Structure formats: structure tokens, C-alpha cells
Amino acid sequence: MWGGRFAEGPAAVMREINASIPFDKRLWRQDVAASQAHVAMLGNQGIVSREDAAAIGAGLDAVAADYAANGVADDLTLEDIHMQTEARLADRIGPVAGRLHTARSRNDQVATDFRLWVRDAIDQVDAALGAFQDALIDRADAHADSVMPGFTHLQSAQPVTLGHHLMAYHEMIARDRSRFADARARMNQCPLGSAALAGTGFPIDRDMTAAALGFDGPTRNSLDAVSDRDFALDYLMAATQVSLHLSRLAEEFILWASQPFGFVSLSDQWSTGSSIMPQKRNPDAAELVRGHSGRIAGCMTALVMTMKGLPLAYSKDMQDDKPPVFEAHDLLGLSIAAMTGMVASATFRTERMRAAAELGFATATDLADWLVREANIPFREAHHITGRAVKLAEERGVALDRLPLPDLQAIDSRIDDRVYGVLGVDASVAARASFGGTAPDRVRAAIAAARAARQEEER
């Protein structure tokens, strides 16, 4: 490739460290598509003859068919997917293949190919997250009335419904999808035609190539275009946020599946056994999702550190931009699919959840609120009275609604029998009817809105 300047070939180690073909061969579809757009523009502009442009276009089709059938060879002498494609093209159509590289550089090639790949990756992740939302919505709908303890500090706090809990993750995923959508819109400018760093003296039509590749338009600065990897960082940061959300749900499934909780039983499809303990049913899929979140965050950190302090424009460090993105994308796809399957197939033990809510004094806030509303007591005083009632119930080993009225009145005479209307867990969740609350009617309204939004997306 640069034999005119160098008298000797590279050392064996240099050849190995310099080559990116073992990983950037994943870009072959994007590389062929960008090359097709480029040569069509060259022919249209008269920079190469229409006959040569047609021959190159047909040759690229043949190379793509060969890649699809046989894969891309790890030929280190050809360094990367761009040189591999050009060499394969030359094998098919001869020296005319050399005209393809007119008015472009590998710098704008890789920037274009990588953007196209990340754009496709975002579309794949978005579709998978939409399916995950559907699973959450379906299970939430089935459990809009199922009472469970809500936790703070992993201590029983207030009763909520399982439907409300699952819809919390739906909201997280909705934000994740919006981050990917923002990243996609921001990256959708075409670097092709920026050449090495300064643009080109050939009369190219960058709007034509941008439109052919589905971009909104060409990038506005050639230096920025070839050195920008913000789009890859945007992808990794959004992927990291998704993985954190998946990890939180995975952790809850791990806890809930343990015998002390017993809130959920994961299906055989998403569980494993033990080589020595026949009774074991391990939530390995959830544990792997939890573990993948650390690896995905590590991929994000790796690219941040690679890009830190690089001067304009292109530096060879940037060859290491793709492996962390590829790794994160693969891990994220597995994690989303695993959590979707777990949510869809899990058996929720709602009786156990309800019993835990009833035993955890989760309606204590309802007693305090009742004292404020019905006895006109300042909340801080009501909080103190309720604390004494909880202590008594704890000593007796009963729920708050099992304390006899005389015992409650001994704590504070302003309590009357109307209080029992708020001390049950069903009354507690029903009372939380503010917008976004856990009341079953509110949960069903949130589910209906989520279904409508998903249907609108699918149109």
C-alpha cells in the first residue's frame, strides 16, 4: 500500500499490532455500502468514467456476495476491512479497482463505516428494548392488584403493587430508548468526502453520498469528521445506562428467587443447577446480566481513556475504538434478551409477596397520615404516635391492623375504629392514587398509556 515510500516491509509484530482486520471485518456491509455510494457519486460527477464506475459497482456486489457466503479472511497483510475490500475488488476487476479510492481516505472511510454500524446497532437495541417493554407491560397488567412490600434501604417501607414495581422499569427503559434516539439523531451526518483531514480538491458531491447512505447531510468540518468518535461514546454511555437498569432488575430477581424472599420462581429456561447439590436452582442468567453491566461500563471507560487528549485529527490510537463498542453491543444484546425472557416466563409468588407486605408494618405511614387527616395532628407528632404503635405490634408479633382498638387508644385517645379502614395493605395501595402512584387504577392507566405509545411506535 505504501511501497513507494518504504523500502522494507513491517516487522512481524508491527504487522500484527497494526492490523485491525480481525475485528473490523464486522464492518464489511457498511464498507461495501459506503464504497457503492462513493463510486456512484464519482461516476455522476465525471471524476471517473461511468463505465469504470459501473464496473466497480458490479465488482463490489460480487465482493459482498463472497463475504456473505464465505466470511472475511483475517489477512494481516491487508490490515483492515477497507484494504481487504479493495484487494478483493482488484482480484475481480483488475487495475480499475484502484480508481475507487479517488477523493477519499481510509480516515473518512472508517469514520463513515463506523457511524453506519453504530446507527444499525442503535436500531437493533431499540427494537430489543421495545420487546422488553412489552414483556414488562404484559406482566404488570396481570399484577396491577398484586400487593408486595415496597422497599427503601432494602427494608419494608410501604405496600406497592407488583404491577407498579414492574412499570418502574418500563419508565427506565423508556428513558434509555430516548438516549439512543438522541444519539442516533446527533450522529446522523456523513463524514465521507472529508478525505484524510482537509477535504479534497476533486469536485465531489457530498450531499449525494450522504443521501445515498441515509444520513441527514454531510459533516460540516473535515477535521472534526475524521477524528470524531462522540457517536461511539454516546452509544457506549447509553448502553451503560441500560445495563445498569437491567442489572438492578437482575439483582431483584436474584434476591426474590432466594428462599428467604421466595417472591419469584424463574423458569427452567433461565436457571441452572449444581454439579453437587441436587436441590439447587440458581438464577445464573440474572447473575450474568448483573456481571455484564460491569463489562459494558468497562468498555465505555476504555474508549473514554483512548480518546482522552488526542490531538486533531486522526491518530492510530483510534483503531482501538471499535472493540469496546462491538463487545458492549454483543453483551447488551444478550442481557436484554435474557431479561426479556426472565420477565415473560417468571412465576411471581404473589401470596408470599402479600404476606411479606403485611408483616413488615408497611402501613405505618397510613396510620400517621390518618392521624393528620382525621385527628388534625401535626405530622411530626403523628409520626411519633405511629412509632409507638409499630413498637407495640412488633412486641406482639402482629400486623398493625391486628392491634386491638383499646391498645391503640392507650397510645393516643384520638384514635377510633375508623383507623382500621386504612391499616390493611389493600387500603394502603388504593389510597396512593396521586398521579404516578401505586393505586391499581393508576397502574392500569399507566399500562394503557404505555400500550398506546407502543402501538403508535409500531405504526
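Residues numbered from 1 in each chain as written. Predicted model: local features only at pLDDT ≥ 70, side-chain atom pairs only at ≥ 80, totals over all residues. Heavy atoms only, no water.

**Student:** Explain the overall build of the chain to me, please; I cannot follow it from the model alone.
**Tutor:** Secondary structure assignment for the chain yields 19 helices and 6 strands. On C-alpha atoms alone, the chain measures out to a radius of gyration of 30 Å, which is more than a quarter above the 23 Å that the 2.2 N^0.38 rule sets for 459 residues. The principal-axis extent of the C-alpha atoms belonging to the chain is close to 100 × 50 × 40 Å. Split into buried and exposed, the 459 residues of the chain put 49% on the buried side. Expressed as a percentage of contacts within the chain between residues at least 6 apart in sequence, the contacts between residues at least 24 apart total 75%. Surface accessibility of the chain: about 21,500 Å² in total, with carbon and sulfur atoms responsible for 53%. Taken together, the 47 basic and 61 acidic charged side chains of the chain have centroids lying 2 Å from each other. (Helix = DSSP H or I, 4+ residues; strand = E, 2+ residues; numbered from the N terminus. Rg over C-alpha atoms; globule rule 2.2 N^0.38 Å. Buried < 20%, exposed > 50% of the residue type's maximum accessible area, 1.4 Å probe, protein only. Contact = heavy atoms within 4.5 Å. Areas by Shrake-Rupley, 256 points an atom, 1.4 Å probe, with all protein chains shown as cover. Lys, Arg positive; Asp, Glu negative; His and termini not counted. Charge placed at Lys NZ, Arg CZ, Asp CG, Glu CD.)

**Student:** In this structure, what is going on with the side chain of Glu86? I would like to understand it.
**Tutor:** Relative to the elements of secondary structure, Glu86 occurs in helix 5 (residues 81–93). Notably, Glu86 is buried but unbridged: the nearest opposite-charge side chain belongs to Arg104, and the N-O separation is 4.8 Å. Among residues more than four places away in sequence, those in contact with Glu86 are Ala97, Gly98 and His101. (Salt bridge = Lys/Arg side-chain N within 4 Å of Asp/Glu carboxyl O.)

**Student:** I would appreciate a short explanation of the environment of Arg119 in the present structure.
**Tutor:** Secondary-structure assignment places Arg119 in helix 6 (residues 106–142). The class of Arg119 is buried, set by a relative accessible area of 9%. Setting aside residues no more than four positions away along its own chain, Arg119 makes contact with Arg184, Met187, Asn188, Leu213, Gly214 and Phe215. In this structure the side chain of Arg119 is engaged in a polar contact, spanning 2.9 Å, whose partner is the side chain of Asn188. (Polar contact = N/O pair within 3.5 Å; in protein donor to acceptor, adjacent residues only side chain to side chain.)

**Student:** It is not clear to me how the pairing of strand 2 (residues 155–161) should be interpreted in this structure. Could you clarify?
**Tutor:** The side chains of a regular strand alternate between the sheet's two faces. In the sheet, strand 1 (residues 147–152) pairs with strand 2 via 6 bridges, with the strands oriented antiparallel. Considered in strand 2, the bridge of Gly150 is made with Gln158. In this antiparallel pair of consecutive strands, strand 1 and strand 2, the connection spans 2 residues, and His153 shows a positive phi of 55 degrees. (Pairing = 2+ DSSP bridges.)

**Student:** Got a minute to help me understand the nonpolar core in this structure?
**Tutor:** Note on soluble globular proteins: their nonpolar side chains tend to be buried together. Within the largest apolar cluster, 89 residues are counted, with the highest numbers of intra-cluster contacts made by Phe180, Tyr235, Phe253, Trp256 and Leu332. The greatest single-element share of this core, amounting to 14 residues, is contributed by helix 10 (residues 230–257). Look past the residues within four positions of Trp256 in its chain and what remains in contact with it is Met148, Leu162, His165, Phe261, Gly262, Phe263, Val264, Phe348 and Met353. Ranked by size, the runner-up nonpolar core spans 22 residues in total, among them Ala368, Leu371, Ala393 and Ile415. (Core = buried A, V, L, I, M, F, W, Y, C linked by side-chain atoms within 4.5 Å.)

**Student:** Which parts of the structure should I look at to understand the packing of aromatic side chains?
**Tutor:** By convention here, two paired aromatic rings are described through the distance between centres and the angle between planes. Counting across every chain of the model gives 10 aromatic pairs. Look at Trp28 and Tyr67: their rings are 5.4 Å apart centre to centre, the planes differ by 65 degrees, and that puts the pair in the edge-to-face class. With Trp28 in helix 3 (residues 28–44) and Tyr67 in helix 4 (residues 50–70), this pair connects stretches of sequence that are 39 residues apart. Residue class for Trp28 comes out buried when judged on its relative accessible area of 11%. On the accessibility criterion, Tyr67 (3% relative accessible area) is buried. Between Phe114 and Phe326, the aromatic rings sit 6.3 Å apart at their centres with planes inclined by 80 degrees, giving edge-to-face as the arrangement. Of this pair, Phe114 sits in helix 6 while Phe326 is found in helix 12 (residues 322–345), placing the two residues 212 residues apart along the sequence. Phe114 gets classed as buried once you look at its relative accessible area, which sits at 0%. Phe326 gets classed as buried once you look at its relative accessible area, which sits at 4%. (Phe/Tyr/Trp six-rings, centres within 6.5 Å; stacked < 30°, edge-to-face > 60°.)

**Student:** Explanation requested: the packing of helix 4 against helix 5 in the structure shown.
**Tutor:** Each packed pair of helices is defined by two parameters, the angle between the axes and the distance between the axes. Contact pair helix 4 / helix 5: the axes reach a minimum separation of 9 Å and the direction vectors enclose 115 degrees. Our classification of the angle between helix 4 and helix 5 gives roughly perpendicular. As for how helix 4 packs across helix 5, the hand of that crossing is right-handed. Contacts between helix 4 and helix 5 involve Ala55, Ile56, Gly59, Leu60, Ala62, Val63, Asp66 and Tyr67 on the former and, on the latter, Ile81, Gln84, Thr85, Arg88, Leu89, Arg92 and Ile93. (Axes fitted to C-alpha atoms, helices over the stretch in contact; angles between N-to-C directions. Parallel < 35°, antiparallel > 145°, perpendicular 65-115°, else oblique. Left-handed = near helix turned anticlockwise from the far one by under 90°.)

**Student:** Can you walk me through unusual backbone geometry in this structure?
**Tutor:** Glycine aside, residues mostly have negative phi, and peptide bonds are mostly found in the trans state. Geometrically, the link from Leu312 to Ala313 is a cis peptide bond, its omega value of 5 degrees lying close to zero. Topologically, Ala313 is positioned in the loop between helix 11 (284–307) and helix 12. Phi angles above zero are rare outside glycine, and Glu79 is one such case at about 65 degrees. Locating Glu79 in the fold gives a position in the loop between helix 4 and helix 5. Since its relative accessible area comes to 8%, Glu79 is described here as buried.

**Student:** What exactly am I supposed to notice about helix 10 here?
**Tutor:** Compared with an ideal rise of 1.5 Å per residue, which puts 28 residues at 40 Å, helix 10 spans 40 Å between its outermost C-alpha atoms and is within 8% of the ideal. When you tally the buried positions in helix 10, you get 20 out of 28 residues, the bulk of the element. (Expected span 1.5 Å × (residues − 1).)

**Student:** Hey, could you run me through helix 3 in this one?
**Tutor:** Helical geometry note: an α-helix holds 3.6 residues per turn, so side chains three or four residues apart project in the same direction. The terminal C-alpha atoms of helix 3 lie 24 Å apart, and with 17 residues this matches the ideal 24 Å at 1.5 Å per residue to within 8%. Looking at helix 3, one finds that the buried residues are Trp28, Gln30, Asp31, Val32, Ala34, Ser35, Ala37, His38, Val39, Met41, Leu42 and Gly43. Tucked inside the fold, the buried residues of helix 3 contact helix 2 (21–24), helix 4, helix 5, helix 6 and helix 8 (206–212). With its phi angle positive at about 75 degrees, Gly46 sits one or two positions after the end of helix 3.

**Student:** Mind showing me how you'd approach the packing of helix 6 against helix 7 (residues 162–187) here?
**Tutor:** Where helix 6 meets helix 7, the axes come as close as 9 Å, and the angle between the chain directions of the two elements is 165 degrees. Considering their axes alone, helix 6 and helix 7 lie roughly antiparallel with respect to each other. Crossing handedness for the pair helix 6 and helix 7: left-handed. Of the residues in the contact of helix 6 with helix 7, the class split is 16 nonpolar, 4 polar and 8 charged. (Nonpolar A, V, L, I, M, F, W, Y, C, P; charged D, E, K, R; others polar.)

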